[in-house]
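# Residue-level structure breakdown
One-letter residues, chain by chain:
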Amino acid sequence: MNPFTYSRPGDIDEAISLFSAGSRYIAGGTNLLDLMKENVTRPAGLIDITRLPLHDIEETAQGGLRIGALVSNSDLAWDPRIEQRYPLLAKAILAGASPQLRNMATTGGNLLQRTRCYYFYDTGTPCNKREPGTGCSARDGLNRIHAILGHSPECIAVHPSDMCVAMAALEAMVIVQGAGGERRIPFADFHRLPGDTPELDNNLEDGELITALELPAQSFADHSAYLKVRDRASYAFALVSVAAALEMKDGTIHAARIALGGVAHKPWRKPAAEALLTDQPATPESFEQAADVLLEGASGFNDNAFKIELARRSIVRALSEAAAGDAQ
């Protein structure tokens with residue numbers, strides 16, 4: 001047993017003041033507790049934030065929704081406003097984990113999930129993400145689930161979240177608070193590619209706490225789809241996932257958003273691919289061209305090169321379902 005301190009603050013300012021080197025905030029703990037059990041993470045202190053007033057979903061003045069960081073994944077997915085106005089997000093959340101985990105997992109915590117790379121969890125093997133400078137065992141090892149986009153010589157791990165793929169497509173805003181006050185981080189800028197610092201998953205500063213996420217008014221409610229390709233139908237992480245969202249009129253696309261999961265260290269978007277679809281007909285040919293742009297530079301390893309073609313076909317299928325408005 002590794003000793004650690006435990007505190008349970010009553011407000012946000014107190015929580016931030018309690019943070020020190022080696023501390024971790026904990027809410028549902030659905031990922032952090034696993035990491036502690038496997039000795040991947042050994043926090044010096046746990047700051048339990050479950051009593052903080054961050055459990056509500058509220059309307060914003062701009063016509064969107066503000067989601068408290070402690071709203072559970074289940075409550076978020078089944079909220080009538082999310083189901084009706086942001087069905088893409090509801091579908092993505094329900095495609096992930098199990099009902100028991102969704103009941104515990106929080107919105108803010110979902111953003112902070114760490115990779116499910118086998119070598120990251122195996123403390124007996126080298127891993128630059130776990131111990132910088134030791135090497136990446138996955139490059140020449142078992143890498144079927146690993147990245148085909150945005151990887152580096154230091155790390156080929158992928159981000160595990162389904163919810164984050166939808167949040168990226170919807171262009172959510174992440175609200176964080178730290179000792180220096182509040183910051184607003186566009187979702188595209190929250191997570192990081194590995195580069196030469198794969199141990200850093202996101203751009204949070206030390207001690208910053210996620211307090212909320214804001215969804216814009218534009219919800220793509222009529223034409224969106226979330227497609228998740230995985231090894232089994234339940235409780236499996238994505239080999240490839242696609243969040244596709246379109247604004248259409250008379251068969252013509254006026255705005256498009258596409259985000260991929262299971263292929264990179266962060267949800268993968270490429271504005272050039274989305275721009276290519278603007279003012280174009282919603283046809284398989286248009287979708288194939290967008291897929292080619294979105295996957296430019298993709299490269300695989302021994303076991304995962306199949307993901308490139310799988311991703312291309314998944315993009316076309318998800319966009320076709322979104323255009324038809326009949327996604328399951």
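Residues numbered from 1 in each chain as written. Predicted model: local features only at pLDDT ≥ 70, side-chain atom pairs only at ≥ 80, totals over all residues. Heavy atoms only, no water.

## Side note on the sheet that holds strand β8 (residues 209-215)
Here is the rule we go by: Here, a strand pair is defined by DSSP locating no fewer than two bridges between the strands. Put simply, DSSP H or I for four residues or longer makes a helix, DSSP E for two residues or longer makes a strand, and each gets a number counted from the N terminus. Angles here are taken between N-to-C directions and fall from 0 to 180 degrees, while the axes themselves are lines fitted to C-alpha atoms, restricted in helices to the stretch in contact.
Strand order across the open sheet formed by five strands is β4-β5-β8-β6-β7, with antiparallel pairing between neighbours. Every interior strand has two partners, whereas the edge strands, β4 (57-59) and β7 (181-186), have only one. Neighbouring strand axes in the sheet, compared pairwise and without regard to direction, differ in orientation by 25° on average. With five bridges connecting them, strand β6 (residues 173-178) and β8 associate as antiparallel partners. Of the residues in β8, the one forming a bridge with Met-173 is Glu-214.

## Points about the nonpolar core
Here is the rule we go by: In this description, a nonpolar core means a group of buried Ala, Val, Leu, Ile, Met, Phe, Trp, Tyr and Cys residues linked to one another through side-chain atoms lying within 4.5 Å. Residue exposure (1.4 Å probe, protein chains only): buried if accessible area is under 20% of the type maximum, exposed if over 50%, otherwise partly exposed. Note on definitions: a residue-residue contact is assigned when non-hydrogen atoms from the two residues lie within 4.5 Å.
One finds Leu-76, Leu-89, Leu-111, Met-167, Val-174, Phe-187 and Leu-215 to be the most contacted residues of the largest nonpolar core, which totals 48 residues. Of all elements in the fold, only α1 (12-18), β5 (65-68), α3 (73-78), α5 (87-94), α9 (163-170), β6, β8 and β10 (240-249) reach the threshold of two or more residues within this core. For this core, the element with the most residues is α9, which contributes eight residues. Not counting residues up to four positions away in its chain, the partners in contact with Val-174 are Leu-111, Arg-183, Arg-184, Ile-185, Phe-187, Phe-190, Ile-210, Ala-212 and Leu-213. Core analysis: the next-biggest nonpolar cluster, separate from the first, contains 32 residues, Leu-149, Leu-227, Ala-244 and Val-263 among them.

## Observations concerning the packing of aromatic side chains
Inclusion rule: Stacked, tilted and edge-to-face are the three classes applied to pairs of Phe, Tyr and Trp rings, where Trp contributes its six-membered ring and a pair requires centres within 6.5 Å; stacked means planes under 30 degrees apart, edge-to-face means over 60, and tilted covers the rest.
For the structure on display, the rule yields three aromatic pairs. With 5.2 Å between their ring centres and 40° between their planes, Phe-19 and Tyr-25 make a pair best called tilted. Look at Tyr-25 and you get buried, because its relative accessible area is 16%. Arranged with centres 6.3 Å apart and planes meeting at 75°, the rings of Tyr-118 and Tyr-119 form a pair that is edge-to-face. What makes Tyr-119 buried here is its relative accessible area of 15%.

## A word on the pairing of strand β3 (residues 45-48)
Basically, it comes down to this: Looking down the strands as they point away from the viewer, one classifies a crossover as right-handed if the path from the first strand across the helix to the second runs clockwise.
Residue alternation in β3 divides its side chains into two sets, Gly-45 and Ile-47 and Leu-46 and Asp-48, and both sets are buried. In this structure, strand β1 (residues 5-7) lies alongside β3, joined through three bridges in parallel fashion. What sits directly across from Ser-7, in β3, is Ile-47. As paired strands, strand β2 (residues 23-26) and β3 are joined by four bridges and run parallel to one another. Each residue of the ladder has a partner; that of Arg-24, found in β3, is Leu-46. Crossover β2 to β3 through helix α2 (residues 32-37) is right-handed.

## What about a nonpolar patch on the surface?
This is how the line gets drawn: Patch definition: residues with relative accessible area over 30% and no salt bridge; like charges joined within 9 Å; nonpolar side chains (Val, Leu, Ile, Met, Phe, Trp, Tyr) joined within 5 Å. Calculation of accessible area relied on Shrake-Rupley with a 1.4 Å probe; when residues are assessed, cover is drawn exclusively from the protein chains displayed. Salt bridges are counted wherever a side-chain nitrogen of Lys or Arg sits within 4 Å of a carboxyl oxygen of Asp or Glu.
Taken together, the side chains of Met-1, Phe-4 and Tyr-6 present a nonpolar region at the surface, about 430 Å² in accessible area. Position of Tyr-6 among the secondary structure elements: in strand β1. On the basis of relative accessibility, which here comes to 51%, the residue Tyr-6 falls in the exposed class.

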